Amino acid sequence: MKKIAVLTSGGDSPGMNAAVTEVARFSALAGMPLIGIKRGYNGLIGKFSPEDSYQQLTLDTMLDIADLPGTYLRTARCEEFYHLEYQQKAVKFLRDLNVAGLVVIGGDGSYQGALALSKLGMPCIGIPGTIDNDLEYSETSLGFDTAVNVCVDAVRAIRATSRSHDRPAVVEVMGRNCGDIAISTAMSTGAEIVIVPEVKNWDLMFFVDRLNSLVRRGNTRATIVVAEGAYKTMKPYDFNAFLKDYTQVFEGEPMNVRRLAHVLRYKTGTEVRYNLIGYTQRGHEPTAQDAAFAFESAHMAVELLKQGIGNEVIGMRHGRVFHMPIEKALPTKPKFKKDIYRLINSL
Ligand code: ADP
Ligand code: F6P
């Protein structure tokens, strides 16, 4: 009987378990036994013992974990997988298990691995699983909506205390080199400033002036949302030289959320505080939107593999799932909603 396999790779994202569960349900319906590969591509190259590398996934195993955050199959990065020798080893491993196709749930790096396997003759289907939403070909990715909802809840809670004390807050969100989480969070919370990595050479003094003008207009509790990747694209500015008159400075300390809040604080004379939301963005149950996307994309992935079609990725366009060749989806660059960015920073 034709078997299929599924793995999760890269950073975990809410909805990965839901997607694996739906793959299990649809493959059961199609009469194709399912193997769960553990710890990303590590599970395919004989790095760990067989029980730490793969297991048969039955509905009994999966049904109780569908709603849980994290990934039951575990996830990991796998350095060896950049090399052909290990990719070939993986294909042999899957063939020895009688696996005819693999579902890879992960981001663009994981898609590169899936592309390599497809080229070696193992049909692979990619489902976008990353909170960053940095895959240009798809409107969303599993976990993005959940991460944004976590950030929105956090900003609202931070705003309550900011308002009570009449002090602005800087809030750092994740996203690697993509500002989508920051822009969606800022838009959904009415934040007054958003700073993202897509804007190259952004000027810290522009945001100092903007905060000054907001405070002068009576907004003493403004919210500044900054994407974690944005510090790398800031126009060079010797903030440590400026800060040394006010606070302890460690030579060579890079820009970070604390430094950013300090510069804004001492340049504007307002008591700006900083917050870092961190891994809570990845650790929540998937929202209805992410769970529904998991359902639809798992269905499409299993249908494609059932027909012997591989080398494709699933995405969302105009609110519905679609598929396209991996090569066309890669290489990818973050989609940047410039118009929204401008609106947020000018209201
Ligand atoms: P994400 O999938 O979230 O983008 P990474 O970029 O960390 O996460 O990639 C996850 C894993 O995918 C890597 O650890 C590696 O095993 C595999 N991978 C990434 N890039 C390639 C590549 N060019 N060729 C083969 N495998 C790759
Ligand atoms: O890709 C998802 C993500 O959470 C990014 O937003 C973040 O930059 C990165 O993973 C953090 O990776 P790690 O789990 O290795 O700290």
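Residues numbered from 1 in each chain as written. Chains lettered and ligands numbered in written order. Predicted model: local features only at pLDDT ≥ 70, side-chain atom pairs only at ≥ 80, totals over all residues. Heavy atoms only, no water.

Participant: Account for the packing of aromatic side chains, with residues named and values stated.
Facilitator: Evaluation of the coordinates by the stated rule reveals 10 aromatic pairs. With a centroid separation of 4.1 Å and 10° between ring planes, the pair formed by Y41 and F81 is classed as stacked. Residue Y41 is found in the loop between β2 (34-37) and α2 (50-53), and its partner F81 is found in the loop between α3 (59-62) and α4 (84-96); the two are separated by 40 residues along the sequence. When sorted by exposure, Y41 lands in the same class as F81, which is buried. Seen in terms of ring centroids, F206 and F207 are 5.0 Å apart; in terms of plane orientation they differ by 85°. Their pairing is edge-to-face. (Phe/Tyr/Trp six-rings, centres within 6.5 Å; stacked < 30°, edge-to-face > 60°. Helix = DSSP H or I, 4+ residues; strand = E, 2+ residues; numbered from the N terminus. Buried < 20%, exposed > 50% of the residue type's maximum accessible area, 1.4 Å probe, protein only.)

Participant: Provide a residue-level description of the sheet that holds strand β9 (residues 273-276), including the pertinent values.
Facilitator: Taking strand neighbours across the sheet as the criterion, the 4 strands line up as β7-β8-β6-β9 in an open arrangement whose pairing is parallel. On the outer flanks of this sheet lie β7 (193-195) and β9, each paired with one strand and no other. Between one strand axis and the next, the sheet turns through 20° on average, direction left out of account. Two strands pair when backbone bridges link them, and β7 and strand β8 (residues 223-227) are joined in this way by 3 bridges, in the parallel orientation. Bridge pairing in β8 places I193 opposite I224. Sitting on the sheet, helix α6 (residues 144-165) touches β6 (169-173), β8 and β9, and the angle it makes with β6 is about 165°. (Pairing = 2+ DSSP bridges. Axes fitted to C-alpha atoms, helices over the stretch in contact; angles between N-to-C directions. Contact = heavy atoms within 4.5 Å.)

Participant: Which residues make up the domain arrangement of the protein, and what are the values?
Facilitator: The domain boundaries assigned to the protein delineate domain 1 (3-143 + 286-329) and domain 2 (144-282). The straight-line distance from the C-alpha centre of domain 1 to that of domain 2 is 35 Å. Residue-level contacts link 17 residues of domain 1 with 13 residues of domain 2. The contact between domain 1 and domain 2 buries some 1,200 Å² in all, and 48% of this surface belongs to carbon and sulfur atoms. Three residues stand out in domain 1 for area buried against domain 2, namely I131, D132 and N133, and they jointly supply 43% of the buried area on that side. Our enumeration of links across domain 1 and domain 2 arrives at 2 salt bridges. (Domains from an automatic or database assignment. Buried area = accessible area lost by both parts, 1.4 Å probe. Salt bridge = Lys/Arg side-chain N within 4 Å of Asp/Glu carboxyl O.)

Participant: How would you sum up the site of ligand 1? Please name residues and give values.
Facilitator: Of all residues adjacent to ligand 1, which total 15 residues, the nearest are C78, G107, D108, G109 and S110. One of the side-chain N or O atoms of R77 is found 3.1 Å from an oxygen atom in ligand 1. The separation between an oxygen atom of ligand 1 and a polar main-chain atom of C78 is 2.7 Å. When isolated, ligand 1 has an accessible area of 560 Å², and the protein chains bury 85% of it. With 5 residues, the single largest contributor to the shell around ligand 1 is helix α5 (residues 108-119). Residues that form the shell around ligand 1 fall into these classes: 4 nonpolar, 9 polar and 2 charged. (Near = heavy atom within 4 Å. Polar contact = N/O pair within 3.5 Å; in protein donor to acceptor, adjacent residues only side chain to side chain. Areas by Shrake-Rupley, 256 points an atom, 1.4 Å probe, with all protein chains shown as cover. Nonpolar A, V, L, I, M, F, W, Y, C, P; charged D, E, K, R; others polar.)

Participant: Which residues make up the packing of helix α1 (residues 16-29) against helix α11 (residues 288-306), and what values do they have?
Facilitator: One way to put it is that α1 packs onto α11 with a least axis distance of 8 Å and a crossing angle of 45°. Comparing the axis directions of α1 and α11 gives the class oblique. Remark: the crossing between α1 and α11 carries right-handed chirality. Note on element contacts: α11 touches α1 through A294, F295, A298, H299 and V302, opposite A18, A19, E22, V23, R25, F26 and S27. (Parallel < 35°, antiparallel > 145°, perpendicular 65-115°, else oblique. Left-handed = near helix turned anticlockwise from the far one by under 90°.)

Participant: I'd love a proper account of α4, names of residues and values included.
Facilitator: For an α-helix, the turn length of 3.6 residues means that residues three or four places apart are oriented alike. Taking 1.5 Å per residue as the helical rise, α4 with its 13 residues ought to reach 18 Å, and the 18 Å between its terminal C-alpha atoms agrees with that figure. All of the buried residues along α4 are Q87, A90, V91, F93 and L94. The arc that holds every buried residue of α4, seen down its axis, measures 160°, which confines them to one face. What points out from α4, more than 90 degrees from its buried face, is the exposed set E85, K92 and D96. Against β1 (3-8), β2, β3 (54-57), β4 (99-106) and α5 lie the buried residues of α4. (Expected span 1.5 Å × (residues − 1). Arc of directions from axis to C-beta.)

Participant: I'd like to hear about the packing of α6 against helix α7 (residues 180-189), residue by residue, with values.
Facilitator: For any two helices packed against each other, the geometry is given by the interaxial angle and the distance between the axes. As a packed pair, α6 and α7 sit with axes 9 Å apart at the nearest point and diverge in direction by 50°. Of the possible angle classes, the one that applies to α6 and α7 is oblique. The handedness of the crossing between α6 and α7 comes out as right-handed. In this structure, α6 contributes F144, A147, V148, C151, V152, V155, R156 and R159 to the contact, and α7 contributes D180, I181, S184, T185, S188 and T189.

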